[in-house]
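Chain residues, written in single-letter form:
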Amino acid sequence: MAAEATPAPPSSSFQLILGSSSVARRKILAEMGYKFDVMTANIDEKSIRREKPEELVLVLAEAKADAIMSRIDISDYRKDGVDPTLLITSDIVVVHKGIIKEKPASKEEASQFLKGYSGGHVSTVGSVVVTNLKSGKRCSAVDIAEVYFHEIPDEVIQNLIDEGVVFNVAGGLLLEHPLVLPFVEAVVGSTDSVMGLHKALTEKLIHDALVSP
């Protein structure tokens, strides 16, 4: 899903909350020039299942937003004269040979994932949900990208697993990791989408969430 960056109206003043503990998403949002607070949802993602990856990532991002909203006093954000606060939540899964891959649960699963990607390609399916806490308006969309790999040596895969970072990301996929990058043949779509937050899509949804319903 292609999206052109649409900046929010210059006269519009708003606050941002990133509903994610992801270091990559924090980095991307900061690169976009935003200042923001961070809150985490801490939901049981495994308890929410959908067969289609597009539906799964959307419902998970919405569940994260709902969980965060349940822990705050929403009336504080709806007072007269208070600038709107936008809550950004997202989710991403890797799809390999038609099978949804989430965060690997063990070293064996991580090894299976990464060896499966070697010499092949995967799709990333990512959602972005922007909720206007003042108006209640919620905007969402899904983006799909593809990553093609050269053959990844077994020792590189083992080093990634030993580092432990593969367990923190969907499908164990670390696109910009120094060990992985040399073996990335091509990315079809947005690199920031693969990393967890499509910049142009996020900009558009921020703009849309600020427009009166």
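Note that the coordinates shown come from a computational prediction; the quantities given were computed from them, not determined experimentally. (Residues numbered from 1 in each chain as written. Predicted model: local features only at pLDDT ≥ 70, side-chain atom pairs only at ≥ 80, totals over all residues. Heavy atoms only, no water.)

Draft legend 1. Looking closely at the nonpolar core. Grouped together as the largest cluster of nonpolar side chains are 24 residues, with contacts concentrated most on Leu 114, Tyr 117, Val 122, Val 147, Phe 149, Leu 160 and Val 166. At the level of elements, β3 (85–96), α3 (107–117), β6 (138–149) and α4 (154–163) are the ones that each hand at least two residues to this core. Excluding its chain neighbours within four sequence positions, the residues that come into contact with Phe 149 are Tyr 117, Gly 119, Gly 120, Val 122, Leu 173, Val 180, Phe 183, Val 184 and Glu 185. (Core = buried A, V, L, I, M, F, W, Y, C linked by side-chain atoms within 4.5 Å. Buried < 20%, exposed > 50% of the residue type's maximum accessible area, 1.4 Å probe, protein only. Helix = DSSP H or I, 4+ residues; strand = E, 2+ residues; numbered from the N terminus. Contact = heavy atoms within 4.5 Å.)

Draft legend 2. Inspection of α3 at higher detail. Along α3, the residues classified as buried are Ala 110, Ser 111, Phe 113, Leu 114 and Tyr 117. Burial along α3 is one-sided: seen end-on, the buried residues are contained in an arc of 160°. Along α3, the residues that are exposed and aim more than 90 degrees away from the buried face are Glu 108 and Gln 112. Downstream of α3 by a residue or two, Gly 119 has a phi angle that is positive, lying close to 75°. (Arc of directions from axis to C-beta.)

Draft legend 3. Region of interest: the pairing of strand β5 (residues 121–132). In terms of residue burial, β5 counts as a mostly covered element, since 11 of its 12 residues are buried. Strand direction decides the pairing type here: β5 and β6, joined by 11 bridges, are antiparallel. Bridge pairing in β6 links Val 128 to Ala 141. If you look at the hairpin formed by β5 and β6, you'll find five residues sitting between the two strands, and Gly 136 has a positive phi there, around 85°. (Pairing = 2+ DSSP bridges.)

Draft legend 4. Molecular detail of unusual backbone geometry. Although it is not a glycine, Asn 42 sits at a positive phi angle of roughly 55°. You can see Asn 42 is positioned in the loop between β2 (37–38) and α2 (53–70). Residue classification places Asn 42 among the exposed residues on the basis of a relative accessible area of 68%.

Draft legend 5. Representation of the environment of Arg 138 in the model. For Arg 138, the location among the structural elements is in strand β6. Between the alpha carbons of Arg 138 and Ile 88 there is a distance of 9.9 Å; along the sequence they are 50 residues apart. At 2.9 Å, the side chain of Arg 138 and the side chain of Thr 131 are in polar contact. (Polar contact = N/O pair within 3.5 Å; in protein donor to acceptor, adjacent residues only side chain to side chain.)

Draft legend 6. Layout of the side chain of Lys 64. Locating Lys 64 in the fold gives a position in helix α2. The contact partners of Lys 64, leaving out residues within four places of it in the chain, are Ala 41, Ile 43, Glu 45, Thr 89, Ser 90 and Asp 91.

Draft legend 7. Representation of the pattern of salt bridges. Summed over the entire model, instances satisfying the criterion amount to seven salt bridges. Between Glu 45 and Lys 64 there is a salt bridge, with the nearest N and O atoms lying 3.7 Å from each other. Placement of the pair is Glu 45 in the loop between β2 and α2 and Lys 64 in helix α2, with a sequence separation of 19 residues. Looking at Glu 45, the relative accessible area reads 25%, which means it is partly exposed. For Arg 49, the salt bridge identified is with Glu 102, shortest N-O distance 2.6 Å. Residue Arg 49 is located in the loop between β2 and α2, and its partner Glu 102 is located in the loop between β4 (99–101) and α3; the two are separated by 53 residues in the primary sequence. The partly exposed category is assigned to Arg 49, whose relative accessible area is 39%. Within the structure, one salt-bridge network assembled from shared partners comprises Glu 45, Lys 64 and Asp 91. (Salt bridge = Lys/Arg side-chain N within 4 Å of Asp/Glu carboxyl O.)

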